[in-house]
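Summary of structural features
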There are 4 protein chains.
Amino acid sequence: MIVILKDHAKQEQIDKLKAFLMQLGLRIDESKGDHSTILGLVGDTTRVDADLIASLDAVEAVRRVQEPYKKANRKFHPEDSVIDCGGVQVGGGLFQIIAGPCSVETEEQIITVAKAVKEAGATLLRGGAFKPRTSPYAFQGLHADGLRLLKLAKQETGLPIVTEIMDAAHLDLFEDVDVIQVGARNMQNFELLKVLGHTDKPILLKRGLANTIQEWLMSAEYIMAGGNDRVILCERGIRTYETATRNTLDLSSVPVLKEKTHLPVLIDPSHATGVAKLVKPMAMAATACGADGLMIEVHNDPKNALCDGAQSLTPEQFADVVRRVKAIREVVQN
Amino acid sequence: MIVILKDHAKQEQIDKLKAFLMQLGLRIDESKGDHSTILGLVGDTTRVDADLIASLDAVEAVRRVQEPYKKANRKFHPEDSVIDCGGVQVGGGLFQIIAGPCSVETEEQIITVAKAVKEAGATLLRGGAFKPRTSPYAFQGLHADGLRLLKLAKQETGLPIVTEIMDAAHLDLFEDVDVIQVGARNMQNFELLKVLGHTDKPILLKRGLANTIQEWLMSAEYIMAGGNDRVILCERGIRTYETATRNTLDLSSVPVLKEKTHLPVLIDPSHATGVAKLVKPMAMAATACGADGLMIEVHNDPKNALCDGAQSLTPEQFADVVRRVKAIREVVQN
Amino acid sequence: MIVILKDHAKQEQIDKLKAFLMQLGLRIDESKGDHSTILGLVGDTTRVDADLIASLDAVEAVRRVQEPYKKANRKFHPEDSVIDCGGVQVGGGLFQIIAGPCSVETEEQIITVAKAVKEAGATLLRGGAFKPRTSPYAFQGLHADGLRLLKLAKQETGLPIVTEIMDAAHLDLFEDVDVIQVGARNMQNFELLKVLGHTDKPILLKRGLANTIQEWLMSAEYIMAGGNDRVILCERGIRTYETATRNTLDLSSVPVLKEKTHLPVLIDPSHATGVAKLVKPMAMAATACGADGLMIEVHNDPKNALCDGAQSLTPEQFADVVRRVKAIREVVQN
Amino acid sequence: MIVILKDHAKQEQIDKLKAFLMQLGLRIDESKGDHSTILGLVGDTTRVDADLIASLDAVEAVRRVQEPYKKANRKFHPEDSVIDCGGVQVGGGLFQIIAGPCSVETEEQIITVAKAVKEAGATLLRGGAFKPRTSPYAFQGLHADGLRLLKLAKQETGLPIVTEIMDAAHLDLFEDVDVIQVGARNMQNFELLKVLGHTDKPILLKRGLANTIQEWLMSAEYIMAGGNDRVILCERGIRTYETATRNTLDLSSVPVLKEKTHLPVLIDPSHATGVAKLVKPMAMAATACGADGLMIEVHNDPKNALCDGAQSLTPEQFADVVRRVKAIREVVQN
């Protein structure tokens, strides 16, 4: 961490600041320039409150040199993490595809879709039982009943299940779930992250709507700090000024994360774009830039159904995506 | 709601869509143009899933005419809401100032600050007992003990207290709290909102870091849909590309909200800017554009204290802000 | 275009508005709802000022149904445009790679790089003679001399040249240039666009730093409205709150544009990310989602050179990118 | 400037880097930490290309300590600049109001409005002769004729005139203009800025749609580097994800700029919000946070006019704004 002092900082203030920093066990290297003096802090600065230092009268600015996350940091864990998800390995050069409907609706629906996506190449099953909805008047999911139906679909197909938790109070219901998902709107629900840090379940942590990569890794760090190292990251689009797509899929985050962290990185092109016909090109692009897998919405497609979900693929469309994605994966790995 | 059909939509698809819409109890007015046909839906469209309709093959786009919120909507409640907060009225032409430290630290600290801000003109006391922190390694607040100290400060000064909840499981601890705050990161923690909708406490709902005004009002609607009409909105800066301030304070939201909703609107210039010296000008600006009050961080200022908080004012600075703000309030109201 | 009237609009105001709209040659279809009346305008609304209509007392909101661009619109020109660039065809199922140094520096440099990128598979040569720099104190390019050197490199390699114009007054210097580039900061320099609309040169129009896809197409429309249909679009990253990359590469814009317009779409991963090691994965992703080509910075790499440009690849790295990209292109097209 | 070296940087690379930096006349202070070594560069780093240094193999990151602008920097020019604009002084504790129509349309219109705004308290007259329009099919202004009519209005009222230039080639037409405006879309039209740097006219430089405060000051620096110190900054809203207002007015930029630069800062609430009824509250807020003046659109208001401009005030509304603003200005200055 670097502390830049003000031009006219008083010596008394500087001395007090230095004493405070040394108390924290830090060594100070000082560099005097023409217009400013710089203090280089050497030692463990993870616990130093940079905002607080920056607010002192004598200080012009503070710049971090080291990342504020440790357990998620590739520097201290150079090997890729591989997360076992009910027998399916995520990360470490493997490529997995999570697929399924937006919401679990009926036994027939979830089992039909589960069979179809397995047939097409999916290796994990998704389906929402607790649904975060912007409107209190919209369908909120089947809750415990939805989890029960997911379990049936798992028994039927052998696919491990991934589903979202919205409140730590529901944790008991997730005992048979293979991967617990934390949605974008809960990425900084720190109480929930703390509770999940004390479980031994893999956690699929979606990126918040407007969170930086660093904040995202800090939320992973919350879970890992509790003792649970099994975190999978999932990018699902960020909020920008552009309205042609629901969100802007930040694919550059994939190679950036690959450098900063050892955790696996998945991409969810369905939520990112909000439009079914954009899912295929963006799934292919996600694979091409090195993602460890995909999360895709697929619905069952009975003839004449009106309500097919704006962003869901049919099983046939999904099968085509899987074919293309596998061919691109070959190019990435050779 | 308006549904724009595609140029080459098949009649069969259109008929199926119309039948579906009429089933929902809506009347359909059709307008055929040169390149597109438009369906105007008349009736209660609050429960219609616009995204779903937009995803249908025959549909080019959907445009909402009515807002998706009802209870928060000024159209259906033209009078300003006035919320009683432990005897202090918020909204309806009154102007209230919430002040206090970022975190409750000690009995002496909170009582000293409470007395100082009351003296300077504050009408409610704030102080964090549960602190949302980006890093798991940072101080997380005194929790139950912090709430106990706030209660002491209230007994000492008579100021009603405002403090943040981070998990519905903690609700019992908030019995003596006058106003429960929902932080920016929990604005779309829908499970928490639902629980708060079943309490009878005033809820101070901060705007999410990257949430639109409409999403914010939908979160207010969550609380109100549960039966609790006592919602106070508080803008605290939104996330943009600009890094000169921590967030960008969106003051235009004040007059926009005044038109769209009957709920009171406060501004928190401390969190928005993250810099103490910007608090005064932005507090003045917030008052000038019609806010119903302010929420400001003030710390006690013992000589020689190192750690004063990047965005907190001293009691003397706060008193100056109160003086200016009151003078500007006069200009607004005359 | 749809005009939503206010609940309590006066009949006199409505009548005046209708008369005004009919004067513009539009037909009006009226739909009366419980809370609002909607006017559907039928006819050519390209020239109607939606903001102005929205500002009228009687009007609550205006929603466009048709896009405001015509010549760039795929609806009125379903076939892909193929643009001849000095003998190289851009668009229409072909895939082209523009490569070269950020700035033209010396004859040896530009010729060395030109030969190297041609050898590796580039089909057009880029190089900046006029450089838009944020700081007035930074190197601004070789200007006329740079254009002269580019011409030499073209004679030497046969590669058509692409280079940026910054002011219409310099147009005469661009006579031997094959493709004139308009940089992101000039995307809405409308006077420049108008002048280029009267040339017969292909124009590579970069997306503005914070411009929507619609605004971008409107800038293409400016050039096309002058009579020059030879516009190539190039995405180079948009401005968001994320700071881990210089800009956020919006790859979803590729399939979105493919639907909205017949113009070719290229991706510039070098400027988008600002970091050499991100160029390869993002070039691969751009190809995977259907771009018509790439624009990549490559520098010559004499041993011991200090200044290699933060975002430029070596010729060897570039050759590897070309190999991968071609393999991915196969997957896209089969 | 601070250069953070990589953990495993080779000594040879470090030596080469140091030699390069010393060649630039910089002194190097080195600080070795546990995980990284930091080089503090002492001397004039304005011309050092930070991106280039950051791209070197041995370098992890570069952090600027000093701002890259000099002439616009308050550190080197502590006194407020006061800019004479045709006899009206802008900056230095004075408060000026520029008002007038969006576009100059007719002699009667501009003279009527000019008289009305002067009567209401405006001290400068605005009016567009060259209009930047997103659509090539929209009205582009009266050009030379518009400038002629503005001159007539100036003769009639004595108000100095402010009007926008869109291309350096038009400069001769601006001889009688008192203040030349550079619009948001041309804020980084560096060729135009250079030409204006060689004039002796005051330049009103609007902030770009998505430009940072630092980029804005760098554009001011472009003009000042050419010898023209008479730059006035004008904030007009930035692009964010929020769509309730046309742009998000960044009022925090006022106190931030007041600290960073000596140049005057105006606010344009008309373009920022795009809605007439938001102009008054935002004009009041702008004044409250310390702006040096306002730029407001006012139209003449003949009875029965349909087309009044979405964001323009009537002269009566404008007079009310001026009254309030003056009262708030009193509070700011006392």
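Residues numbered from 1 in each chain as written. Chains lettered and ligands numbered in written order. Predicted model: local features only at pLDDT ≥ 70, side-chain atom pairs only at ≥ 80, totals over all residues. Heavy atoms only, no water.

1. Concerning helix α7 (residues 253-260) of chain C
Listed in full, the buried residues belonging to α7(C) are C:Ser253, C:Val254, C:Pro255, C:Val256 and C:Leu257. Among the structural elements, α9 (276-288) of chain A together with α6 (213-225), β12 (231-235) and β13 (265-267) of chain C are those in contact with the buried residues of α7(C). (Buried < 20%, exposed > 50% of the residue type's maximum accessible area, 1.4 Å probe, protein only. Helix = DSSP H or I, 4+ residues; strand = E, 2+ residues; numbered from the N terminus. Contact = heavy atoms within 4.5 Å.)

2. A short note on the interface of chain C and chain D
Each side of the interface is counted separately: chain C has 47 residues, and chain D has 47 residues. Between chain C and chain D the total buried area reaches about 4,300 Å² when both faces are included, carbon and sulfur atoms providing 57% of it. Seen at the junction of chain C and chain D, the total is two salt bridges. Run the count over chain C and chain D and you get 16 residue pairs in polar contact (both at pLDDT 80 or more). Of all the secondary structure elements, the ones that give two or more residues to the side of chain C that touches chain D are α1 (11-23), α2 (50-54), α5 (190-197) and α6 of chain C. The element contributing the most residues to the side of chain C that touches chain D is α6(C), with five residues. Taken together, the residues of the side of chain C that touches chain D break down into 19 nonpolar, 13 polar and 15 charged. (Buried area = accessible area lost by both parts, 1.4 Å probe. Salt bridge = Lys/Arg side-chain N within 4 Å of Asp/Glu carboxyl O. Polar contact = N/O pair within 3.5 Å; in protein donor to acceptor, adjacent residues only side chain to side chain. Nonpolar A, V, L, I, M, F, W, Y, C, P; charged D, E, K, R; others polar.)

3. Overview of the side chain of B:Asp178
All names here are of chain B. Within the secondary structure layout, aspartate 178 lies in the loop between β9 (161-165) and β10 (179-182). Engagement of the side chain of aspartate 178 in a polar contact is seen with the side chain of lysine 154, the distance being 3.0 Å. Looking at aspartate 178, its side chain comes within polar contact range of the main-chain nitrogen of isoleucine 161, at 2.8 Å. Not counting residues up to four positions away in its chain, the partners in contact with aspartate 178 are Gly86, Lys154, Pro160, Ile161, Lys201 and Pro202.

4. Some words on the sheet that holds strand β13 (residues 265-267) of chain A
Residues and elements named next belong to chain A. Read around the closed barrel, eight strands run β7-β8-β9-β10-β11-β12-β13-β14, paired in parallel fashion. Across the sheet, the axes of successive neighbouring strands diverge by a mean angle of 30°, strand direction being ignored. On top of the sheet, helix α5 (residues 190-197) reaches β9 (161-165), β10 (179-182) and β11 (203-206); it is set at about 165° to β10, its chief contact. Strands in contact with α9 are β13 and β14 (293-297); relative to β14, the strand with the most contacts, it is inclined by about 165°. (Pairing = 2+ DSSP bridges. Axes fitted to C-alpha atoms, helices over the stretch in contact; angles between N-to-C directions.)

5. A word on the relation of the copies chain C and chain D
Its rotation angle being 180°, the transformation that places chain C on chain D also includes 0.0 Å of axial translation and leaves an RMSD of 0.1 Å. Both copies of the chain, as the preceding transformation shows, are related through a two-fold rotation axis. Distance from the rotation axis, computed per C-alpha, reaches its smallest value in chain C at C:Ala210: 2.9 Å. A shared interface surface links the copies, since 100% of the contact residues of chain C are contact residues in chain D too. (Least-squares fit on C-alpha atoms with pLDDT ≥ 70 in both.)

6. Regarding the relation of the copies chain A and chain C
Relative to chain C, chain A is turned by 180° and slid 0.0 Å along the rotation axis, the superposed coordinates differing by an RMSD of 0.0 Å. A high fraction, 100%, of the interface residues of chain A reappear at the interface in chain C, so the copies pair face to face through one surface.

7. Observations regarding the environment of A:Leu251
By the element assignment, A:Leu251 lies in the loop between β12 (231-235) and α7 (253-260). C-alpha separation for the pair A:Leu251 and A:Lys32, spaced 219 residues apart in sequence, amounts to 42 Å. Look past the residues within four positions of A:Leu251 in its chain and what remains in contact with it is A:Ile267, A:Met282, A:Ala285, A:Ala286, A:Cys289, C:Leu251, C:Met282 and C:Ala285.

8. A closer look at the environment of B:Ser219
Residues and elements named next belong to chain B. Within the secondary structure, serine 219 sits in helix α6 (residues 213-225). Using a relative accessible area of 0% as the deciding quantity, one classes serine 219 as buried. When the C-alpha positions of serine 219 and lysine 194 are compared, they lie 9.5 Å apart, and in sequence the two are 25 residues distant. In this view, serine 219 contacts Met187, Gln188, Phe190, Leu193 and Leu205; residues no more than four positions away in its chain are not counted.

9. A look at helix α6 (residues 213-225) of chain A
Residue and element names in this part refer to chain A. Across its 13 residues, α6 extends 18 Å between first and last C-alpha, which sits within 8% of the 18 Å expected from 1.5 Å per residue. In terms of burial, α6 is largely enclosed, as eleven of its 13 residues are buried. Of the residues making up α6, those classed as buried are Ile213, Glu215, Trp216, Leu217, Met218, Ser219, Ala220, Glu221, Tyr222, Ile223 and Met224. Of the surrounding elements, those touching the buried residues of α6 are α5, β11, β12 and α7. Following α6 by one or two positions, glycine 227 adopts a phi angle in the positive range, close to 115°. (Expected span 1.5 Å × (residues − 1).)

10. Some thoughts on the pattern of salt bridges
For the structure shown, the criterion picks out 80 salt bridges over all chains. With its nearest N and O atoms 2.6 Å apart, the salt bridge here joins B:Glu215 to A:Arg239. Of this pair, B:Glu215 sits in helix α6 while A:Arg239 sits in the loop between β12 and α7, on two different chains. Comparing B:Glu215 with A:Arg239, the two get one shared label, buried. One salt bridge connects D:Glu242 with B:Arg207, and the closest N-O pair in it is separated by 2.7 Å. Pair noted here: D:Glu242 is in the loop between β12 (231-235) and α7 (253-260) and B:Arg207 is in the loop between β11 (203-206) and α6, and the two residues belong to different chains. Across the pair, B:Arg207 and D:Glu242 agree in class, each one buried.

11. Examining the packing of aromatic side chains
In total, this model carries eight aromatic pairs over all chains according to the counting rule given. Note on A:Phe130 and A:Phe174: the rings are 6.0 Å apart at their centroids and 25° apart in plane angle, and the pair reads as stacked. Placement of the pair is A:Phe130 in the loop between β8 (124-126) and α4 (144-157) and A:Phe174 in the loop between β9 and β10, with a sequence separation of 44 residues. Taken as a pair, A:Phe130 and A:Phe174 share a single burial class, namely buried. Here the aromatic rings of B:Phe190 and B:Tyr222 are separated by 4.7 Å at their centres, their planes lie at 20°, and the arrangement is stacked. Highlighted residues: B:Phe190 in helix α5 (residues 190-197) and B:Tyr222 in helix α6, separated in sequence by 32 residues. For B:Phe190, a relative accessible area of 1% translates into the label buried. (Phe/Tyr/Trp six-rings, centres within 6.5 Å; stacked < 30°, edge-to-face > 60°.)

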